[in-house]
Amino acid sequence: MPESAAPRRAGRRGGIVRPAVLAVVLLAAPLLTGCLAEPDPSPTTLLGSGPAATGTAPSTSAPLETTQSSNKAPVYWIGRSNSSIFLYREFRDVPEQENPVTRALRAMMSDKPLDPDFFTPWQNPGKLATSISGKDVITVDVSEDAFNSNLDADMAGRAVQQLVYTASAAAASSGLIDSGQQIRVRILVDGHTDYVAFGHIQLGDLMTRAAGMVAPVWIIDPQENSEVAAGSVKITGRSTLSGGKLRWQILRTEDDGSKVPFLTGETTAAAEPGQAGLFTLALTLPAGDYELKVAQAGTGDQPDQNEDSRAFKVR
């Protein structure tokens, strides 16, 4: 994770960086007093130039998560695909002492991703609290120590969007906010609106999910290193190319540790409204260790691109 290898402070615009004087008590209060006293500005997004440093980025964002009965928290991580950087989601088991948005964000800032290809530049904060006001506004109040990573402006924008995606996903999947509307997120730092995140991104205004942030190909299930029952194994995922062709491959791990091709095939991402980009595979797999690879099929002489991979076990 070279982008966050050298910790440093991110301060307020126009001022010197103040020393860290942070409470060690974890704040999980469901309400924040005075968080939304100022008039609401128009929602803003970040990175209007797109998420990729090079190449053409997809123009879509992931549909907002729908309400689910599972207690797992949706957490977004940052990962690389070819020369570009995108957001990927995992569902994580989290303690239930805090509200769904707070615990999802705490996992994002303090846990490690299941997939070793993902990372997070956030640091475990001394204080973290969230609240919901009106029908669609999430306020996140986090202590300054969460920003102790040295990031360039591009990665800082992705990190802030990682928080926006995770907070809105947790609110929608838990039913706290209707997933049929756009969710807005305001980030406060130690109760203030004038903080510059990672030294680059001005916080305080309402933010929404920026388009083009999620990975072009994204395996949803199985999750990294999960175990599934032998027999019919269901694989689900999403592509940003609605109706586009995908190529997939299953590799099986041999006794000597080598990986050999086991199954290959093609599928098409759904184009129907509400299901756009989704793909599903139902495969019969015996017990063993496997790696799944899915990529958007290249056209003509172009190679396949934007591959995502996932290791899993069948028992």
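Keep in mind it's a predicted model, so treat the numbers as computed, not measured.

*Asks:* Account for helix α2 (residues 153-173), with residues named and values stated.
*Replies:* Under the 1.5 Å per step criterion, the end-to-end length of α2 is 30 Å for 21 residues, consistent within 8% with the ideal 30 Å. Counting buried positions over the 21 residues of α2 gives 19, a clear majority of the element. Looking one or two residues past α2, Gly175 carries a phi angle of roughly 85°, positive in sign.

*Asks:* Could you give an account of the packing of helix α1 (residues 100-110) against α2, with specific residues and numbers?
*Replies:* It is at 8 Å that the axes of α1 and α2 come closest, and there the two elements cross at 145°. In this structure, α1 crosses over α2, and the sense of that crossing is right-handed. In this structure, α1 uses Pro100, Val101, Ala104, Leu105, Met108 and Met109 to contact α2, whose residues at the interface are Gln162, Leu163, Thr166, Ala167, Ala170 and Ala171.

*Asks:* Run through α1, naming residues and quoting values.
*Replies:* Taking burial as the measure, the 11 residues of α1 include 9 buried ones, the bulk of the element. Residues Val101, Thr102, Arg103, Ala104, Leu105, Arg106, Ala107, Met108 and Met109 constitute the buried set of α1. The N-terminus of α1 is capped by Asn99, whose side-chain oxygen sits 3.0 Å from the backbone nitrogen of Val101.

*Asks:* Outline the confidence of the model for the chain, listing residues and values.
*Replies:* Of the residues in the chain, 79% reach a pLDDT of 70 or more, and the chain-wide mean stands at 83. Low pLDDT, under 50, characterises residues 47-60; the predicted model gives this stretch 29 contacts beyond four residues in sequence or across chains.

*Asks:* Lay out the sheet that holds strand β3 (residues 118-119) with the relevant residues and their values.
*Replies:* Spatial strand order, β2-β1-β3: 3 strands in an open sheet with antiparallel pairing. In this open sheet, the two edge strands, each paired with only one partner strand, are β2 (84-92) and β3. With 2 bridges joining them, strand β1 (residues 73-81) and β3 adopt antiparallel strand pairing. Bridge pairing in β3 places Ile78 opposite Phe119. Each of β1, β2 and β3 is contacted by α2, which is oriented at about 150° to β1, the strand it contacts most.

*Asks:* How would you sum up the sheet that holds strand β13 (residues 259-268)? Please name residues and give values.
*Replies:* The mixed open sheet is built from 5 strands, whose spatial order is β10-β16-β15-β12-β13. Of all strands in the sheet, those bounded by a partner on one side alone are β10 (226-228) and β13. Between one strand axis and the next, the sheet turns through 30° on average, direction left out of account. In terms of strand pairing, strand β15 (residues 288-296) meets strand β16 (residues 305-314) through 8 bridges, oriented antiparallel. Within β16, the residue paired with Tyr290 across the bridge is Phe312.

*Asks:* With reference to specific residues and values, describe the nonpolar core.
*Replies:* Counting residues in each nonpolar core, the largest one holds 54 residues, and the members touching the most others are Trp122, Ile138, Phe147, Leu163 and Leu203. Secondary-structure elements contributing two or more residues to this core are β1, β2, α1, β3, β5 (137-142), α2 and β6 (184-189). Looking at this core, the element that brings in the most residues is α2, giving 12 residues. Leu203 has contacts with Phe147, Val160, Ile187, Val189, Thr193, Tyr195 and Ala197, leaving out every residue within four places of it along the chain.

*Asks:* Tell me about unusual backbone geometry, residues and numbers included.
*Replies:* The linkage connecting Asp221 with the following residue, Pro222, adopts the cis geometry, with an omega of 0°. Relative to the helices and strands, Pro222 is located in the loop between β9 (217-221) and β10. Positive phi, close to 50°, is recorded for Asp190, a residue that is not glycine. Looking at the secondary structure, you find Asp190 in the loop between β6 and β7 (196-197). With a phi close to 60°, Asn306 is a non-glycine residue in the positive phi region. Among the structural elements, Asn306 can be located in strand β16. By relative accessible area, Asn306 is classed as buried at 13%.

*Asks:* How would you summarise the side chain of Thr130 if you had to cite specific residues and measurements?
*Replies:* Checked against the element boundaries, Thr130 lands in strand β4 (residues 128-133). We classify Thr130 as buried; its relative accessible area is 2%. A polar side-chain atom of Thr130 sits 3.1 Å from a polar atom in the side chain of Asn99. Only 2.7 Å separates the side chain of Thr130 from the side chain of Thr102, close enough to count as a polar contact.

*Asks:* I'd like a rundown of the pattern of salt bridges, residues and numbers included.
*Replies:* Throughout the structure, instances matching the rule amount to 17 salt bridges. Residues Asp154 and Arg158 are paired through a salt bridge, measuring 2.6 Å at the closest nitrogen-oxygen approach. Placement of both Asp154 and Arg158 in helix α2 is noted, with a separation of 4 residues, approximately one turn of the helix. The class of Asp154 is partly exposed, set by a relative accessible area of 28%. According to the relative accessible area criterion, Arg158 is buried, its value standing at 1%. Residues participating in the shared-partner salt-bridge network are Asp115, Glu224, Asp308 and Arg310.

*Asks:* Outline the pairing of strand β11 (residues 231-239), supporting the account with residue identities and numerical values.
*Replies:* Two elements, β9 and β11, share 4 bridges in a ladder whose sense is antiparallel. Considered in β11, the bridge of Asp221 is made with Thr236. Bridging between β11 and strand β14 (residues 278-285) involves 8 bridges; their strand directions are antiparallel. If you follow Lys234 over to β14, its bridge partner there is Ala282.

Basis of the calculations
- Residues numbered from 1 in each chain as written.
- Predicted model: local features only at pLDDT ≥ 70, side-chain atom pairs only at ≥ 80, totals over all residues.
- Heavy atoms only, no water.
- Helix = DSSP H or I, 4+ residues; strand = E, 2+ residues; numbered from the N terminus.
- Expected span 1.5 Å × (residues − 1).
- Buried < 20%, exposed > 50% of the residue type's maximum accessible area, 1.4 Å probe, protein only.
- Axes fitted to C-alpha atoms, helices over the stretch in contact; angles between N-to-C directions.
- Left-handed = near helix turned anticlockwise from the far one by under 90°.
- Contact = heavy atoms within 4.5 Å.
- Polar contact = N/O pair within 3.5 Å; in protein donor to acceptor, adjacent residues only side chain to side chain.
- pLDDT = per-residue confidence, 0-100.
- Pairing = 2+ DSSP bridges.
- Core = buried A, V, L, I, M, F, W, Y, C linked by side-chain atoms within 4.5 Å.
- Salt bridge = Lys/Arg side-chain N within 4 Å of Asp/Glu carboxyl O.

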